[in-house]
Amino acid sequence: MHDIRAIRDNPELFDAALARRGEAAMSEAVLSLDAARRAKIAAAETAKAEQNKASKEVGAAKAKGDEAEFDRLRALVSDKKAEVAAMQAEAQELDAKLTDMLARIPNNPAEDVPQGADENDNVEVKSWGDKPSFDFTPVEHYEIKGVKPGMDFETAAKTSGARFVMLKGAVARIHRALAQFMIDTHVDENGLTEVNSPVLVRDEAMYGTDKLPKFGEDSYQTTNGWWLVPTSEVPLTYSVGGDTLEQSALPIRLTAHTLCFRSEAGSAGRDTAGMLRQHQFEKVEMVSITHPDESDAEQQRMVGCAEGILEKLGVPYRTVILCTGDMGFGARRTYDIEAWVPGQNCYREISSVSTTGDFQARRMNARFKPEGGGKPQFVHTLNGSGLAVGRCLIAVLENGQQADGSVKLPEALAPYLGGKTTLTAEGVLA
């Protein structure tokens, strides 16, 4: 949510930020609606003052026995009361329209975000690890001989339809091990607090984290109004919705491993093979609530946390800063971490780490009290994958595949797999 006062003070800057995202200027429409709303509020206040004045004069006219003046003033009070009610209703309607308009306008990009139209204009800022070399042609994860027994798309399609998978046996255990490894690393080494959060949330939580009203079609809603979370960013971030925190409580650093649900609206025909793009998947999420002065440094810290998971797993990756045209609606700045997947001979996004500034905090009214006193300020919120579990499974399987159809697994997972380090060509752990 944008600060209407900032738009009033500098509409040119607001429009320039939208132009960087390839969006049309909006300040004129916003300020026109804002002016109409403020005018209606002022008119209602004037009419209310006139109503109050007439109300006081009614008694005086009655005391004087001036029935004609008494009747006139009483009629005036009644008329003003109706006028005030109508004006207040109109002001509320204009306020709702303004709020809805502001809620549909994307966040302003940070000054250091590169200008660009799409993913081709993203800028690589780091690469790590050597891509594995094979003396055979590497295949995609679902084509690896040892993986096939444990990755059942047919049964999942029978029960649920397209873009679902049933993981079985050793593959299911590797998937679970990855999630446990991520959570343990974030808690024990990165200082995050583990949360077991709901996967059903209310409208307020989706709105507060900028998933509504614009992107409702991307998520699933139950018949009684709950939303299935697209990511645990929603409950973790909204956990401070409506709160006024002590500055000493910041930063708040949270992590959760949950199921996530996305309709993938508009993605027909894109990346549909294997586990890459599913309606239901698991993710380990990181969320930070910070002081505004610390949010940029916190984003770098979170990027390092996500990168560290891949480094421990020995998966080559690159980190890119997204350009203005590829950045998400609520983001002020986003870094994507992309894992190398040999079966597709390319990098695939496995984590996005974004700072939203006070964009989400304004929507959900999350503030803190400055230690030196003064007016409460909005916190800054950040979120990032630490990591997407299914995509991490893909990267681990494809980078570790062997000529005989087995998979060499990362040493970091051995404690979670009973000391086993290989998925055999027969699909069992050894």
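Placed above this text is the structure.
Now for a look at the structure at hand.

What counts and how
- Residues numbered from 1 in each chain as written.
- Predicted model: local features only at pLDDT ≥ 70, side-chain atom pairs only at ≥ 80, totals over all residues.
- Heavy atoms only, no water.
- Helix = DSSP H or I, 4+ residues; strand = E, 2+ residues; numbered from the N terminus.
- Rg over C-alpha atoms; globule rule 2.2 N^0.38 Å.
- Buried < 20%, exposed > 50% of the residue type's maximum accessible area, 1.4 Å probe, protein only.
- Contact = heavy atoms within 4.5 Å.
- Areas by Shrake-Rupley, 256 points an atom, 1.4 Å probe, with all protein chains shown as cover.
- Lys, Arg positive; Asp, Glu negative; His and termini not counted.
- Charge placed at Lys NZ, Arg CZ, Asp CG, Glu CD.
- Pairing = 2+ DSSP bridges.
- Axes fitted to C-alpha atoms, helices over the stretch in contact; angles between N-to-C directions.
- Expected span 1.5 Å × (residues − 1).
- 1 Å grid on protein atoms, 1.4 Å probe; cavity = no way out; pocket = protein on both sides within 12 Å on 5 of 7 lines; lining within 4 Å.
- Points joined across faces, edges and corners; volume = space filled by probe spheres on them.
- Nonpolar A, V, L, I, M, F, W, Y, C, P; charged D, E, K, R; others polar.
- Core = buried A, V, L, I, M, F, W, Y, C linked by side-chain atoms within 4.5 Å.

### What to know about the overall build of the protein chain
Okay, so step 1: Secondary structure assignment for the protein chain yields eleven helices and 18 strands.
Okay, so step 2: In terms of C-alpha radius of gyration, the protein chain reaches 28 Å, well past the compact-globule figure of 22 Å for 430 residues.
Okay, so step 3: Along the three orthogonal principal directions, the C-alpha set of the protein chain runs to about 105 × 45 × 40 Å.
Okay, so step 4: Here the protein chain holds 430 residues, and 47% of them are scored as buried.
Okay, so step 5: Across the protein chain, the fraction of contacts at a sequence separation of at least 24, relative to all contacts at a separation of at least 6, is 72%.
Okay, so step 6: Put simply, the protein chain shows about 19,900 Å² of open surface, and 48% of that area lies on carbon and sulfur atoms.
Okay, so step 7: Averaging the positions of the 49 positive and the 64 negative side-chain charges in the protein chain gives two centres separated by 4 Å.

### Digging into the sheet that holds strand S1 (residues 123-128)
Okay, so step 1: Taken together, the eight strands give an open sheet; going across it, the order is S1-S11-S12-S13-S16-S10-S9-S4, and neighbouring strands pair in mixed fashion. Two strands in the sheet have a free side with no partner beyond their single neighbour: S1 and strand S4 (193-194).
Okay, so step 2: Relative to strand S16 (residues 380-388), strand S10 (residues 280-290) runs antiparallel, the two sharing seven bridges. Across the sheet, the residue bridging to Lys-283 is Ala-388, located in S16.
Okay, so step 3: Against the sheet, helix H9 (residues 295-313) makes contact with S1, strand S9 (252-261), S10, strand S11 (317-321), strand S12 (333-341), strand S13 (346-355) and S16, and its axis sits at roughly 5 degrees relative to S16, the strand it touches most.

### Things to note about helix H11 (residues 389-400)
The periodicity of an α-helix, 3.6 residues per turn, causes residues three or four places apart in sequence to face the same way.
Okay, so step 1: Between the first and last C-alpha of H11 there are 16 Å, a value that for twelve residues agrees with the 16 Å anticipated at 1.5 Å per step.
Okay, so step 2: With respect to burial, H11 is a largely interior element, eleven of its twelve residues being buried.
Okay, so step 3: Among the residues of H11, Val-389, Gly-390, Cys-392, Leu-393, Ile-394, Ala-395, Val-396, Leu-397, Glu-398, Asn-399 and Gly-400 are the ones counted as buried.

### A closer look at the layout of surface pockets
Okay, so step 1: The volume enclosed by the second largest pocket comes to roughly 590 Å³.
Okay, so step 2: Elements supplying a minimum of two residues to the lining of the second largest pocket: helix H1 (4-9), helix H2 (11-20) and helix H10 (359-364).
Okay, so step 3: The element best represented in the lining of the second largest pocket is H2, accounting for five residues.
Okay, so step 4: Among the residues forming the lining of the second largest pocket, the class breakdown is ten nonpolar, seven polar and six charged.

### Remarks on the nonpolar core
Okay, so step 1: Grouped together as the largest cluster of nonpolar side chains are 48 residues, with contacts concentrated most on Ile-174, Leu-178, Met-182, Leu-313 and Cys-392.
Okay, so step 2: Elements with a contribution of two residues or more to this core: helix H6 (169-188), S10, H9, S11, S12, S13, S16 and H11.
Okay, so step 3: Per-element tally for this core: the top contributor is H6, with nine residues.
Okay, so step 4: Other than its neighbours up to four places away in sequence, Leu-178 contacts Leu-313, Val-389, Cys-392, Leu-393, Val-396 and Leu-413.

Fair warning: the whole summary comes from geometry, so function is off the table for now.
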